[in-house]
Amino acid sequence: MNAPRARVARRPVHGVLLLDKPLGLSSNQALQKAKWLLRAEKAGHTGTLDPLATGVLPLCFGAATKFSQMHLDADKAYETTVRLGIKTSTADAEGEILLERPVAFTQEQLDEVLLRFKGPIAQVPPMHSALKKDGKALYEYARAGIEIEREARHVVIHGLKQLSAHMDSAEPAIKLVVDCSKGTYIRTLGEDIGEALGCGAHLSALRRVRTGGFDTTHCITLEALEAMTEAERMACLLPVDALLAQHVAVTLDSDNAARFLSGMRQRGSWADAEQVAVYAASPKALLGTAQVKAGELIPVRLLSPLEISETLGQQAAMETSLKQSSENWAPVA
């Protein structure tokens, strides 16, 4: 008989982990694995990736979960392989084949179709998606064989670049790089391109290569994270304000920092700004986000005093750990 699994002692962890999500795991499964490895009390992600998809998945821990919504709104970039000639029930390789058609078009016709999908476009969300209707996800209706009417959504395809095309092979496909706004369904885009080409299509591979300012070069895999010591895992975390890189920074002295944390508005010589990251001067610490309107600093999202204290303690512990590692290392003669 197997011994019961030891209970993991959770602890407060604050920061952002840029995960390279593996194939086959849902975003939540990947999140729970990373949360377990870090022994974190609280965690969330910044938008789902299908199990079929791999790539950039920012995971937020502790205080960072307060700002995860901001990253949901970020532009994204994907590399995708569009399998031509076969339409499936889910618009990806996991669905049942609905229709097979011959693939017969020229490079010039492909160029014209891709150009048609650049810029603002309307997309009808797929039934196999997490969008909700009357409290239930659309994919739940789809699995029950129920089709729900969906309104088209307006998104923007900033860039659509062809990396390769294999129209004459046994499995004709095109590989694309898509730069797009939030809310874009790449499965729907691939399917719509296939329809415009007259042959139908579905996605056979999908990789998110960028979300906001984060790309795959900044990411770590679950496999690599698993092989690390606990201190090394903690060192992989970006600070909470990594999510606020596009915000204007405002620093307050101790008295005004206390007023800000109590939710009070303050007047100053600041320029108007919709997105402001507010810091305490000493010790240097993120306090939350705000807006500035007509010279008034208006609190929007605040960290608690406990979160600020824990974040500072975590930072100090990591600096001590790095210093000890450096002191214990000696070059080989």
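Look above for the structure.
Residues numbered from 1 in each chain as written. Predicted model: local features only at pLDDT ≥ 70, side-chain atom pairs only at ≥ 80, totals over all residues. Heavy atoms only, no water.

Student: Whenever I open this one, the pairing of strand 1 (residues 15-21) confuses me. Can you help?
Tutor: Two faces make up the sheet, and in a regular strand the side chains alternate between them. Within strand 1, seven of the seven residues are buried, which leaves it mostly tucked inside the rest of the structure. Across the two faces of strand 1 the burial is the same, with G15, L17, L19 and K21 and V16, L18 and D20 all buried. Judged from the seven bridges that link them, strand 1 and strand 3 (residues 53-61) form a sheet pairing that is antiparallel. Directly across from L18, in strand 3, lies its bridge partner P58. (Buried < 20%, exposed > 50% of the residue type's maximum accessible area, 1.4 Å probe, protein only. Helix = DSSP H or I, 4+ residues; strand = E, 2+ residues; numbered from the N terminus. Pairing = 2+ DSSP bridges.)

Student: Looking at this structure, I do not really get the sheet that holds strand 18 (residues 296-302). What am I missing?
Tutor: Adjacent strands of a sheet form backbone hydrogen bonds with each other and so pair up, either parallel or antiparallel. Strand order in the open sheet made by the five strands is 14-16-17-18-15, with mixed pairing throughout. The open sheet terminates on both sides in strands that have one partner only, identified here as strand 14 (248-252) and strand 15 (266-267). Judged from the five bridges that link them, strand 14 and strand 16 (residues 273-280) form a sheet pairing that is parallel. By the bridge assignment, L252 is partnered in strand 16 with A280. Packed onto the sheet, helix 8 (residues 254-261) meets strand 14, strand 15, strand 16, strand 17 (285-293) and strand 18 and runs at close to 75° relative to strand 17. (Contact = heavy atoms within 4.5 Å. Axes fitted to C-alpha atoms, helices over the stretch in contact; angles between N-to-C directions.)

Student: Quick question: what am I supposed to make of the packing of aromatic side chains here?
Tutor: To describe a pair of aromatic rings, you give the distance between the ring centres and the angle between the ring planes. Under the definition given, this model contains zero aromatic pairs. K284 extends its terminal NZ or CZ atom over the ring of Y279, reaching a point 4.4 Å from the ring centre. (Phe/Tyr/Trp six-rings, centres within 6.5 Å; stacked < 30°, edge-to-face > 60°. Lys NZ or Arg CZ within 6 Å of the ring centre and 35° of its normal.)

Student: Mind showing me how you'd approach unusual backbone geometry here?
Tutor: Glycine aside, residues mostly have negative phi angles, and peptide bonds mostly take the trans form. In this chain, S282 is followed by P283 through a cis amide linkage whose omega measures -5°. Along the chain, P283 turns up in the loop between strand 16 and strand 17. In this model, R39 sits at a positive phi of 55°, which is unusual for a non-glycine residue. For R39, the position within the fold is in the loop between helix 1 (27-38) and strand 2 (43-45). Its relative accessible area of 23% is what places R39 among the partly exposed residues. Positive phi, normally seen in glycine, also occurs at A294, with a value near 50°. Relative to the elements of secondary structure, A294 occurs in the loop between strand 17 and strand 18.

Student: It is not clear to me how the side chain of D20 should be interpreted in this structure. Could you clarify?
Tutor: With respect to the helices, strands and loops of the structure, D20 is situated in strand 1. Since its relative accessible area comes to 16%, D20 is described here as buried. Within the structure, D20 has its side chain in polar contact with the backbone nitrogen of G55 (distance 3.4 Å). In contact with D20, other than residues within four places in its own chain, are G55, R207, C219, I220 and T221. (Polar contact = N/O pair within 3.5 Å; in protein donor to acceptor, adjacent residues only side chain to side chain.)

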